[in-house]
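Listed below, chain by chain, are the residues.
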Amino acid sequence: MPERKPADRIRDAIRLRGYSIRTEKAYLHWYERFVRFHKLRHPATMGAPEVEAFLTHLAVHEQVSASTQNQALSALLFLYQEVLAIPLGDVHALRAKKSTYVQPYLSHDECLRILAELDGTPYLVACLLYGSGLRLLEALRLRIQDLDVENSLITVRNTKSNRDRVTFLPDEERFLQRLRAHLEGVRRLYEVHLDVPVSMPPALARKYPGAATSWEWQYVFPSRDRSVDPRTLVVKRHHLHPSGVQKAITAAVHAAGMTKRATAHTLRAAFAHRLKEAGYQLDDIQHLMGHADIRTTQHSLEGQAPACKRLRGPLSSRT
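To keep things clear, this report deals only with the structure shown in the data block. Here the structure is a predicted model, which means the values were calculated and not measured.

1. Some remarks on unusual backbone geometry
- Its identity as a non-glycine residue notwithstanding, Leu40 has a phi of 65°, on the positive side.
- The phi angle at Gln63 is positive, at roughly 50°, despite the residue not being glycine.

Here it is, written out as structure tokens:
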């Protein structure tokens with residue numbers, strides 16, 4: 001049989017390890033850019049010098065960020081070490097300058113002003129970012145069975161660090177009323193299309209073949225339109241795309257008259273600020289936010305300005 005193309009081998013290796021579809025697309029993207037940069041040479045005929053040249057080109061000529069360059073390096077290391085089984089050794093390339101971005105600090109009143117400008121699904125998702133500390137994709141990937149309304153708890157699964165955790169479900173009455181109305185609409189959509197499966201992790205789909213059409217496995221925020229699963233080519237219902245919520249939050253920030261660069265992730269950082277201000281310990285905040293490293297939690301709190309609450313400048317009118 002003819003040798004399989006490197007792109008197909010990368011795809012197989014990623015799926016064998018259970019990596020996400022986002023990782024699969026990113027790694028294939030960088031493989032294609034790497035090969036095109038070197039005039040379509042086969043990667044097996046190249047090595048560390050070619051990788052270094054490509055990474056240096058990204059930093060010098062395309063001026064990508066350090067995180068983008070690191071993603072490209074990770075994709076190429078995966079290609080050579082896991083797919084081609086060719087050791088690269090040390091890669092010495094000119095690295096992009098690492099920048100440190102601190103999320104803007106949002107007070108509780110500012111967060112409420114943003115939420116007041118939202119409605120429908122974006123409002124519910126934003127409440128989960130601020131009231132539960134969820135990442136945007138964690139909120140959109142929630143299943144019906146993950147909500148414990150009676151005990152005001154959420155079980156967060158399929159997380160960035162691959163660690164399930166339990167956090168707060170907001171119990172504010174306005175939020176709960178809108179959530180119940182939303183879930184009724186989701187139920188009606190589900191009952192109209194009982195034969196349409198919801199997207200599932202491959203291992204769970206094999207273990208529980210009937211789960212994809214059961215109510216408890218439906219997404220809390222399903223997409224209205226069905227789509228073709230890129231891995232199985234089966235028509236399924238996926239969760240809502242994050243871009244719509246991101247645009248709605250950006251519009252709400254502007255409508256609230258704020259000039260800060262506040263995003264969905266800023267609302268999640270504000271969750272950490274509220275916990276810190278309430279006296280929570282750093283390790284408790286780390287667990288509730290799902291950080292694998294406590295330094296990430298510390299970074300989330302860098303936007304806070306405790307000295308400004310403690311000290312006064314020479315022209316301050318406050319005592």
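2. Describing helix α6 (residues 120-132)
- The first and last C-alpha atoms of α6 sit 18 Å apart over 13 residues, in line with the 18 Å expected at 1.5 Å per residue.
- For α6, the tally of buried residues reaches ten of 13 residues, placing the bulk of the element in the interior.
- Burial in α6 covers these residues: Pro122, Tyr123, Leu124, Val125, Ala126, Cys127, Leu128, Leu129, Tyr130 and Ser132.
- A positive phi of about 75° marks Gly133, the residue just after α6.

3. Topic: empty space enclosed by the protein
- Inspection of the entire model under this criterion finds one cavity of 30 Å³ or more.
- There is about 70 Å³ of room inside the largest cavity.
- Lining the largest cavity, in full, are Val186, Leu189, Tyr190, His193, Val196, Gln218, Pro222 and Arg237.

4. Digging into the packing of helix α1 (residues 6-16) against helix α4 (residues 66-83)
- One can describe the packing of α1 onto α4 by two numbers: an axis separation of 10 Å at closest approach and a directional angle of 85°. Taken together, the axes of α1 and α4 are roughly perpendicular relative to one another. Together, Arg9, Ile10, Ala13 and Ile14 of α1 and Phe78, Leu79 and Val83 of α4 make up the contact between the two elements.
- When its residues are assigned to classes, the contact of α1 with α4 shows six nonpolar, no polar and one charged.

5. Notes on a nonpolar patch on the surface
- The grouping of Val228, Leu233 and Val235 at the surface amounts to a nonpolar patch, some 300 Å² of accessible area in total.
- Residue position: Val228 is located in strand β4 (residues 227-228).

6. Considerations on the packing of aromatic side chains
- Inspection of the entire model under this criterion finds eight aromatic pairs.
- Their ring planes at 45° and their centres at 5.5 Å tell us that Tyr190 and Trp215 sit as a pair that is tilted. Note that Tyr190 is positioned in helix α8 (residues 173-192) and Trp215 in the loop between α9 (202-207) and β4, a separation of 25 residues in sequence.
- A relative accessible area of 13% means that Tyr190 is categorised as buried.
- Residue Trp215 is classed as buried on the basis of its relative accessible area of 19%.
- Clustering of aromatic rings is evident, with ring pairs tying together Trp30, Phe34, Phe37, Phe54 and Tyr80.

Cut-offs and rules
- Numbering of residues starts from 1 in every chain and runs along the sequence as written.
- Where totals are concerned, whole chains, interfaces and linings use all residues; where local detail is concerned, this predicted model gives features only for residues with pLDDT of at least 70, and gives and counts side-chain atom pairs only at 80 or more.
- In computing side-chain properties, one takes all heavy atoms of the structure into account and sets aside hydrogens as well as water.
- Runs of H or I in DSSP of at least four residues are treated as helices and runs of E of at least two as strands, each being numbered from the N terminus.
- Helices are assigned an expected span. That span is 1.5 Å times one less than the residue count.
- Buried means the residue's accessible area, taken with a 1.4 Å probe over protein chains only, is under 20% of the maximum for its type, while exposed means over 50%, and partly exposed covers the values in between.
- The pocket and cavity definitions rest on a 1 Å grid over protein atoms only: a 1.4 Å probe that fits but cannot leave marks a cavity, an open set with protein on both sides within 12 Å along at least five of seven lines marks a pocket, and residues lining either have an atom within 4 Å of a point.
- Grid points are joined across faces, edges and corners, and a volume is the space filled by probe spheres set on the points.
- Axis lines are fitted to C-alpha atoms, over the contacting stretch for helices. Their N-to-C directions set the angle, which ranges from 0 to 180 degrees.
- Relative orientations are named as follows: roughly parallel for angles under 35 degrees, roughly antiparallel for angles over 145 degrees, roughly perpendicular for angles from 65 to 115 degrees, and oblique for any other angle.
- The criterion used for residue contact is that any of the two residues' heavy atoms lie within 4.5 Å.
- Residues are grouped as follows: nonpolar covers Ala, Val, Leu, Ile, Met, Phe, Trp, Tyr, Cys and Pro; charged covers Asp, Glu, Lys and Arg; every other residue, Gly included, is treated as polar.
- Note on patches: the residues involved have over 30% relative accessible area and no salt bridge, like charges join within 9 Å, and the nonpolar side chains Val, Leu, Ile, Met, Phe, Trp and Tyr join within 5 Å.
- A 1.4 Å probe and the Shrake-Rupley method give the accessible areas. Residues count as covered only by the protein chains that appear here.
- Salt bridges are defined as contacts in which a side-chain nitrogen from Lys or Arg sits within 4 Å of a carboxyl oxygen from Asp or Glu.
- Stacked, edge-to-face and tilted are the three classes for Phe, Tyr and Trp ring pairs, Trp counted by its six-membered ring, which pair at centre distances within 6.5 Å; planes under 30 degrees apart are stacked, over 60 edge-to-face, the rest tilted.

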